[in-house]
Amino acid sequence: MIKEQARMSYSAEFGEARIRDNVYGDILIPQKFLPIIDSYEFQRLRNIKQLATAQYAFPGASHTRFAHSIGTFYVMQRVIAHFDRYFQALGQPVIPLREKELLLAASLLHDLGHTPFSHALEDTLQNAQKIPHERWTVDIIKDKSTSLHQALSDIFGKDGPKEIASLIDLQHDDQGTTPFFSASEINLKNIFHSLISSQLDADRLDYIRRDSISVGVSYGMIDLDRLIGGFRIGILDNGKAVVCVAEENLSDVEGYLYARYQMYRNIYLNPYKMFTEELLRKIIKCVYKLYDHDCLTVSELPLGFKSALQKSPMDVPDFLLLDDSVIMGAIKGWAKIQDERAWLLKKMCTCMVQRSGYVRYLFADISSESMALFKEDLTTLMGSYISQKIFNEKDADAWVQEFPFVVLRNASAQLYKKERENIYVLENSGRIMEISDCSNMVRAFIGDDSLISAIYLDLEILELYLEKDEMFKGLNEEIRKNLVKEVRELFESRTARNSIEIEKKYYLPQSGLDMTWMHIQRQFCIALDEMGYLVHAAKGTVQEFMMAEPVIQTDYYFDTAAETLHQANCSLRVRIKGDKAELTCKRPVSGSRSCGEQGQMERYEYASILKDVDGSSISDVFHREEGVAFVKKYLADLVSCGDLKTVITIVNQRTLYIVEKQSGSQQIKETYELAFDDVTFKNSITGRSYSEKQIELELKSDAATRLNMQGMTNQLEKKFAGWNLTVMTESKYERAKKFTE
């Protein structure tokens, strides 16, 4: 009865079933393949999304592995038809019908073993772990208890399931070296496997087009006719037969590779998609933990999920009970769970269902090195409030993966992976070349991994975690609030607006101005007020902007005797504030074309606070463990603490204001720090001093308002042209070196 209902969705005609596909139009399926499609095991793919959680970012991305598998079947039909013509043109025998059909069956079943949400949970469902998913596919095909195995045996004979399995996964080839299809004594079994799984196969040729259409982007619209029409067969020097692409079709393959690269950069590695996949993994791991500690009963688990917890390893029938609907049904149920012990599971499931809670942070530097430092900082911060011994049991990466309040994932989009099922080009001369050896575009992208990050923080979960987790239960409310504040500040310190300093500075002539320093400040603030900006003291209200009082701050700059930091355009500063020392390292933003343009400067800025510092012995800062660690983190490639000494001291009487404005129809907020600095430079080596007055504007709002900053400073420069304001293109440290050496 089930089979009959399934078949009614097709229109049988001339021995073929017609399936209407949104990518290719009508796909004709030979009647003999219908029992395979109608099998329970294949129909399960209707409930597994092709792009896992991508629909949370792209509403149209709700297509399934079922549709993709039908599409792959269609692409393989076209590939086989092409090779039939190719062999006939060479005077070779055509591929036998049975072997064509085995190849088509393999293409149809290649994704059979996917876990729920495709790759997202492949390594998380502990008892279902078989990586890659092809191992589950092979086991399902070979399992004699399945309706699929029976259908394959009926169609292809008792060896059919094994033959199909060996085409999908050569590593589990029970057929050994038996040729699959031999033309002129050449075993082409590897050829047909590569058409199912390689860097240029029927699988990828379908999903790039299908995913592109479903998501609503155009760069995945590859030319199937040109790509398939360019397929050739070549023999490597080791005698291995491989699929090649004709030299005249090289541009088509380059277009295909670039399309796949763009799909990875923009769709497959979309930050919100990565976030939801990581949150999904955290939810499943939380379920395992609760179950292991008897905090989650079997009655609170969906039918298909019980075996994932109870059986190790799962058998095929139990695995087939799992699909997206089972997991999402469970998540919706857990979002309403009442057991207080499952508070975290409830909270994360609520975030998943309602798209709430976690907030994304855009870090300025997401390199592997920088992210490793961030994980260390976060782990060190959390560990400083409890027994450090507990935190030493795991490395920083393991702790960050375990923390429920943070979701962090870095991934790279690669255009082509050399040495992994290489793509070969058959040149007109007859030579076979690996594609990176003959394509400038492919060669340019090798080793150039474009990093994409998904960094999310949920402060409410952090607060609950500190309140309820055994490790932090001893902390009182005030300490917990302080830790939440420090975690938030740590995340904010890594954002572009807080770690890349964008500022514009001016200095005034030392003589010739017939007005006081206070009058200059007043006129500057009035001008900004007339331009529609709100100006107020950094620690006051809008109405108190003329009440700002100067604060004296003393900065000590360190370098080596060889001026290593200065030569690298870096600086290391210690600013004393009472019994605390603020350590700041500034490094240039490499590759920026806007740094220094008309005086606007960009620098990476890293900071740390040291407590209980004796202001009379500044050099001791870099003998302390925290000071040594700071230098190792941010300047290890340039200097070591033992070589550092004070070279410049800058005493600054700073009067600080906040400048704000709501801009545009979107009401984007502009925010700046406006500083009036009365500066004295002192050179510790030459003993020389120099003083001047400076005005500094630092952008504190989104970088999008940088254009507004340019317009504002242009107006100010025009208004105060009589002051002889001069734009500074160097830092205070550089000016100190310039005038005191």
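Here the structure is a predicted model, which means the values were calculated and not measured.

Calculation criteria
- Residues numbered from 1 in each chain as written.
- Predicted model: local features only at pLDDT ≥ 70, side-chain atom pairs only at ≥ 80, totals over all residues.
- Heavy atoms only, no water.
- Helix = DSSP H or I, 4+ residues; strand = E, 2+ residues; numbered from the N terminus.
- Buried < 20%, exposed > 50% of the residue type's maximum accessible area, 1.4 Å probe, protein only.
- Contact = heavy atoms within 4.5 Å.
- Areas by Shrake-Rupley, 256 points an atom, 1.4 Å probe, with all protein chains shown as cover.
- Core = buried A, V, L, I, M, F, W, Y, C linked by side-chain atoms within 4.5 Å.
- Pairing = 2+ DSSP bridges.
- Axes fitted to C-alpha atoms, helices over the stretch in contact; angles between N-to-C directions.
- Expected span 1.5 Å × (residues − 1).
- 1 Å grid on protein atoms, 1.4 Å probe; cavity = no way out; pocket = protein on both sides within 12 Å on 5 of 7 lines; lining within 4 Å.
- Points joined across faces, edges and corners; volume = space filled by probe spheres on them.
- Nonpolar A, V, L, I, M, F, W, Y, C, P; charged D, E, K, R; others polar.
- pLDDT = per-residue confidence, 0-100.
- Disulfide = S-S within 2.5 Å.

(A) Representation of the overall build of the protein in the model. The number of helices and strands found in the protein is 29 helices and 22 strands. Expressed as a percentage of the 741 residues in the protein, the buried residues total 54%. Considering only intrachain contacts with a sequence separation of at least 6, the fraction spanning at least 24 residues in the protein is 69%. Total accessible area on the protein is roughly 33,200 Å²; 48% of this is exposed by carbon and sulfur atoms.

(B) Highlighting the nonpolar core. Core analysis: the biggest nonpolar cluster contains 167 residues, and Trp 334 and Met 382 have the highest contact counts within it. The leading source of residues in this core is helix 13 (residues 271–292), at 12 residues. Sequence-distant contacts of Trp 334, that is, excluding residues within four places in its chain, are made with Ile 283, Val 287, Leu 296, Glu 300, Leu 301, Pro 302, Phe 305, Leu 345, Lys 346 and Cys 349. In this structure, Leu 528, Cys 641, Leu 716 and Phe 720 belong to the second largest nonpolar core, which totals 55 residues.

(C) Highlighting the sheet that holds strand 9 (residues 406–413). The sheet built from 3 strands is open, its strands ordered 8-12-9 with antiparallel pairing. The sheet terminates laterally at strand 8 (359–360) and strand 9, the two strands that pair on one side only. Pairing of strand 8 with strand 12 (residues 450–457) involves 2 bridges; the strand directions are antiparallel. Each residue of the ladder has a partner; that of Val 359, found in strand 12, is Leu 457. Contacts from helix 12 (residues 250–268) reach strand 9 and strand 12, with the element oriented near 15 degrees to strand 12.

(D) Fine view of unusual backbone geometry. A positive phi is found at Asp 612, a non-glycine position, where the angle reads about 55 degrees. Tracing the backbone through its elements, the reader meets Asp 612 in the loop between strand 18 (601–610) and helix 27 (625–635). Since its relative accessible area comes to 64%, Asp 612 is described here as exposed.

(E) Up close: helix 10 (residues 202–215). When the terminal C-alpha atoms of helix 10 are compared, their 20 Å separation across 14 residues agrees well with the 20 Å that a helix rising 1.5 Å per residue should span. Counting buried residues along helix 10, 13 of its 14 residues qualify, which places the element largely inside the surrounding structure. Remark: Gly 216 follows helix 10 within two positions and exhibits a positive phi of approximately 100 degrees.

(F) Inspection of empty space enclosed by the protein at higher detail. Scanning all chains against the criterion turns up 1 cavity of 30 Å³ or more. In this structure, the largest cavity spans a volume of roughly 30 Å³. Looking at the largest cavity, the residues that line it are Ala 364, Asp 365, Ser 370, Arg 494, Ser 499 and Tyr 606. Considering only residue class, the lining of the largest cavity consists of 2 nonpolar, 2 polar and 2 charged.

(G) Just the confidence of the model for the protein, in detail. Residues at a pLDDT of 70 or more form 90% of the protein, whose mean pLDDT is 87. Within the protein, helix 1 (residues 2–7) has the poorest average pLDDT of any element, 36, and helix 3 (residues 40–43) the best, 98. Within the model, the stretch residues 1–13 combines pLDDT values under 50 with 20 contacts to residues more than four positions away or in other chains. Low pLDDT (under 50) marks residues 541–545, which in the prediction has 10 contacts with non-local residues, meaning those over four places away or in another chain.

(H) A look at the state of the cysteines. Across all of its chains, the model carries 0 disulfides by this definition. In this structure Cys 349 is not part of a disulfide, and its nearest cysteine sulfur, from Cys 286, lies 7.7 Å away.

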